[in-house]
Amino acid sequence: GDSVTQTEGLVTVTEGLPVMLNCTYQTAYSDVAFFWYVQYLNEAPKLLLRSSTDNKRTEHQGFHATLHKSSSSFHLQKSSVQLSDSALYYCALRMSNYNVLYFGSGTKLTVEP
Amino acid sequence: EAAVTQSPRNKVAVTGGKVTLSCNQTNNHNNMYWYRQDTGHGLRLIHYSYGAGSTEKGDIPDGYKASRPSQENFSLILELATPSQTSVYFCASGDAKGTEVFFGKGTRLTVV
């Protein structure tokens, strides 16, 4: 079946250093879109960025991700993290036929001084 | 800014009791969703709806019912609550194109 995998449950990074949060997927559908949602403590998840175009870099709020269909991946990256980036990050996919978001298990990012 | 409002925000229920979680959206979105959030599992889809009068089963529908009486409202019903349903529940709405989904602030449910 269709699924999204986030292998790291917890990631701790020192402020100012780069980070990459992994997201891989499995789907039988070719017409799909991918999303990263961010959830700050005691808040609702909200959209960080999205993409449906293979090999095109998408950027928002200093984060970027590139969909690579060849490797079934949509990793989230930032070149220099800030303390305020500490949050729970979810990768998700949507098949166009169903308009439903399927989420991975989430990665908690902690940025330390 | 899209608005999705959940009520109650916190709820303590007894095992075997009936619980209704309510969700209202003012975005005029066709699609609405109920997810539960648990550590290690992320956001899992319980039920969703494509419009008033429709409900669809998500990945984990057992023990839950849903009701969509109008475009604006989508309820999640636990007829016989169990401790395993202790969780944080999120309602969300999205447009027909699925370009973005907007979440409510969540309901923390504890079943004792």
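Since we're looking at a predicted model, the values are computed, not measured. (Residues numbered from 1 in each chain as written. Chains lettered and ligands numbered in written order. Predicted model: local features only at pLDDT ≥ 70, side-chain atom pairs only at ≥ 80, totals over all residues. Heavy atoms only, no water.)

Focus on a nonpolar patch on the surface
Among the surface-exposed residues, Val12, Val14 and Val112 of chain B lie close enough to one another that they form a single nonpolar patch of about 290 Å² accessible area. Turning to its location among the elements, Val14 of chain B is positioned in the loop between strand E2 (10–13) and strand E3 (19–25). (Patch = residues over 30% accessible without salt bridge, like charges linked within 9 Å, V, L, I, M, F, W, Y side chains within 5 Å. Areas by Shrake-Rupley, 256 points an atom, 1.4 Å probe, with all protein chains shown as cover. Salt bridge = Lys/Arg side-chain N within 4 Å of Asp/Glu carboxyl O. Helix = DSSP H or I, 4+ residues; strand = E, 2+ residues; numbered from the N terminus.)

Comments concerning the state of the cysteines
Applying the stated criterion across every chain, the model contains two disulfides over all chains. Two residues share a disulfide in this structure: Cys23 of chain A and Cys91 of chain A, whose sulfurs sit 1.9 Å from each other. On the sign convention where negative means left-handed, the S-S torsion of about -65° between Cys23 of chain A and Cys91 of chain A marks this disulfide as left-handed. With Cys23 of chain A in the loop between strand E3 (19–21) and strand E4 (24–26) and Cys91 of chain A in strand E10 (residues 87–95), this residue pair connects regions lying 68 residues apart in the sequence. Here Cys23 of chain A and Cys91 of chain A have matching classes, each one buried. In this model Cys23 of chain B forms its disulfide with Cys91 of chain B; the gap between the sulfur atoms is 1.9 Å. Residues Cys23 of chain B and Cys91 of chain B share a disulfide whose torsion about the S-S bond is about -80°; that sign makes it left-handed. With Cys23 of chain B in strand E3 and Cys91 of chain B in strand E9 (residues 87–94), this residue pair connects regions lying 68 residues apart in the sequence. (Disulfide = S-S within 2.5 Å. Buried < 20%, exposed > 50% of the residue type's maximum accessible area, 1.4 Å probe, protein only.)

So, the nonpolar core
Nonpolar side chains in soluble globular proteins generally cluster together in the buried interior. Membership of the largest hydrophobic core comes to 47 residues, with the highest contact counts inside it found for Trp36, Tyr37, Leu76, Tyr89 and Phe103 of chain A together with Tyr35 and Phe103 of chain B. Ranked by size, the runner-up nonpolar core spans 19 residues in total, among them Ile46, Ala66, Leu78 and Cys91 of chain B. (Core = buried A, V, L, I, M, F, W, Y, C linked by side-chain atoms within 4.5 Å.)

Notes on the environment of Tyr90 of chain A
Following the sequence through the fold, Tyr90 of chain A ends up in strand E10. Judged by relative accessible area, which is 1%, Tyr90 of chain A ranks as buried. The spatial distance from the C-alpha of Tyr90 of chain A to the C-alpha of Val111 of chain A is 17 Å, given a sequence separation of 21 residues. Side-chain polar atoms of Tyr90 of chain A contact the side chain of Gln37 of chain B, separated by 2.6 Å. (Polar contact = N/O pair within 3.5 Å; in protein donor to acceptor, adjacent residues only side chain to side chain.)

Focus: the sheet that holds strand E7 (residues 57–60) of chain A
Residue and element names in this part refer to chain A. Taken in spatial order, the four strands line up as E3-E9-E8-E7 in an open sheet, and their pairing is antiparallel. This sheet does not close on itself; its edge strands, each paired only once, are E3 and E7. Strand-to-strand, the axes of this sheet are offset by a mean angle of 20°, without reference to chain direction. Sheet topology places E7 next to strand E8 (residues 63–66); four bridges connect them, and they run antiparallel. (Pairing = 2+ DSSP bridges. Axes fitted to C-alpha atoms, helices over the stretch in contact; angles between N-to-C directions.)

Overview of the interface of chain A and chain B
Counting from both sides, the interface comprises 19 residues of chain A and, opposite them, 23 residues of chain B. Taking both partners together, chain A and chain B bury about 1,600 Å²; carbon and sulfur atoms supply 51% of that area. Across the contact surface, chain A and chain B share one salt bridge. Among the salt bridges present, the one from Glu100 of chain B reaches Arg50 of chain A, with a minimum N-O distance of 3.9 Å. At the junction of chain A with chain B, the criterion picks out five residue pairs in polar contact (both at pLDDT 80 or more). At the level of elements, strand E5 (32–39), strand E6 (46–51), E10 and strand E11 (101–103) of chain A are the ones that each hand at least two residues to the side of chain A that touches chain B. Taken together, the residues of the side of chain A that touches chain B break down into twelve nonpolar, four polar and three charged. (Contact = heavy atoms within 4.5 Å. Buried area = accessible area lost by both parts, 1.4 Å probe. Nonpolar A, V, L, I, M, F, W, Y, C, P; charged D, E, K, R; others polar.)

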